[in-house]
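Structure at a glance
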Amino acid sequence: MSRPLARKFRQASGGLAILALLAGCSAHTTISSPSETARINLKDVSRDQSTVQETLPTTSFGNYEFEVVDDNKMPMYGILPLKFNGGYLALDILFFAPAAFFNLREVHPYYEIDHDEGVVRYRDEKGGEWTTYTPTVEEAERASKYFAAHRDDVISQSSTQQ
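Summing up its helical and strand segments, the chain has 3 helices and 11 strands in all. Taking all 162 residues of the chain together, 38% fall into the buried category. Restricting the contact set of the chain to residue pairs at least 6 apart, pairs at least 24 apart contribute 56%.

And the structure:
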């Protein structure tokens, strides 16, 4: 292979590797509740449904706050537990180290938020065992503040439009 052609090949393969990294920086998840009357909302994704199916971006430092509202019950707040993705870290080190600031953690494929028990169950395979997580008081307060501020923003926007 001639030198100019080899250089173009290296540039093209490097660009393709970066595109592959950026395209693969999201994960699909299903979040449900055992209660059919529950409504689930996520940070930046307001669905107000008992089951949410969403593709969410990976993150290194961010979190996904959630809110579950069920009839005549106090809302449940918390943060979804995320999984560490070592494969992305290896690719980041090999091809584009700054990407590690954006893609080291991702959502699990399956979550079940049980409002009555105050827990989040998650698993990586459809028939797999659930891992149970109880959101901490700090996480619940943080999520509550996020959704309260978000509601205030929506209210102020609607009042200025009228």
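Still more to cover.
The next point concerns the pairing of strand E9 (residues 110–114). Among the 5 residues that make up E9, 4 are buried, leaving the element largely enclosed by the rest of the structure. Inspection of the sheet shows strand E1 (residues 26–32) paired to E9 by 3 bridges, in the parallel sense. The partner of serine 32 across the bridge, within E9, is glutamate 112. Bridge analysis of E9 against strand E10 (residues 119–123) gives 5 bridges, and the strand direction is antiparallel. Within E10, the position partnered with glutamate 112 by the bridge is arginine 121. A loop of 4 residues connects E9 with E10, the two strands running antiparallel in sequence, and glycine 118 in this loop sits at a positive phi of about 70°.

Another aspect to go through is the packing of aromatic side chains. With the rule as written, the count across this model stands at 3 aromatic pairs. Judged by centre distance (6.2 Å) and plane angle (35°), the rings of tyrosine 77 and phenylalanine 147 are tilted. With tyrosine 77 in strand E6 (residues 76–79) and phenylalanine 147 in helix H3 (residues 137–161), this pair connects stretches of sequence that are 70 residues apart. Phenylalanine 147 sits in the buried class, given a relative accessible area of 4%. An aromatic cluster is defined as three or more aromatic residues linked by ring pairs; in this entry it consists of Tyr77, Tyr146 and Phe147. Positioned over the ring face of tyrosine 146 is lysine 43, at 5.9 Å from the centre of the ring.

Moving on: unusual backbone geometry. Located in the positive-phi region is asparagine 72, a residue other than glycine, with phi close to 55°. Along the chain, asparagine 72 falls in the loop between strand E5 (65–69) and E6. For asparagine 72, a relative accessible area of 85% corresponds to the exposed category.

Bringing the confidence of the model for the chain into the picture now. Residues of the chain with pLDDT of at least 70 account for 66%, and the chain-wide mean is 79. For residues 15–23, every residue scores under 50 in pLDDT, and the model assigns this stretch 6 contacts once sequence neighbours within four places are set aside.

This part covers the environment of histidine 150. Mapping histidine 150 onto the fold places it in helix H3. Its relative accessible area of 36% is what places histidine 150 among the partly exposed residues. As a C-alpha pair, histidine 150 and aspartate 44 span 106 residues in sequence and 9.3 Å in three-dimensional space.

If you walk through the whole model with that rule in mind, you get 10 salt bridges. The partner of glutamate 65 in a salt bridge is lysine 43, with the nearest N and O atoms 3.7 Å apart. Taken together, the residues span a long stretch of sequence, with glutamate 65 in strand E5 and lysine 43 in the loop between strand E2 (39–42) and strand E3 (45–49) at a distance of 22 residues. In this structure, aspartate 124 and lysine 83 form a salt bridge, with 3.9 Å as the shortest nitrogen-oxygen distance. With aspartate 124 in the loop between E10 and strand E11 (131–133) and lysine 83 in strand E7 (residues 82–84), this pair connects stretches of sequence that are 41 residues apart. Look at the salt bridges and you will find they share partners, linking Glu112, Asp114, Glu117 and Arg121 into a network.

Calculation criteria
- Going along each chain's sequence as written, the residues are numbered from 1 onward.
- Totals for whole chains, interfaces and linings use all residues, but because this is a predicted model, local features are given only for residues with pLDDT of at least 70 and pairs of side-chain atoms are given and counted only at 80 or more.
- Side-chain numbers come from the whole structure's heavy atoms, not from hydrogens or water.
- Each helix corresponds to a stretch of at least 4 residues labelled H or I by DSSP, and each strand to a stretch of at least 2 residues labelled E; elements are numbered beginning at the N terminus.
- When a residue's accessible area, from a 1.4 Å probe over protein chains only, is under 20% of the maximum for its type it is buried; when over 50% it is exposed; and in between it is partly exposed.
- Every residue pair with non-hydrogen atoms within 4.5 Å of one another is taken to be in contact.
- Whether two strands pair comes down to DSSP finding at least two bridges between them.
- Two rings from Phe, Tyr or Trp (for Trp, the six-membered ring) form a pair when their centres are within 6.5 Å of each other. A pair whose planes differ by under 30 degrees is stacked, one over 60 is edge-to-face, and the rest are tilted.
- Whether a charge lies above a ring is judged from NZ of Lys or CZ of Arg, which has to be within 6 Å of the ring centre and within 35 degrees of the ring normal.
- Think of pLDDT as the predictor's per-residue confidence, scored from 0 to 100.
- One speaks of a salt bridge when a side-chain nitrogen belonging to Lys or Arg is within 4 Å of a carboxyl oxygen belonging to Asp or Glu.

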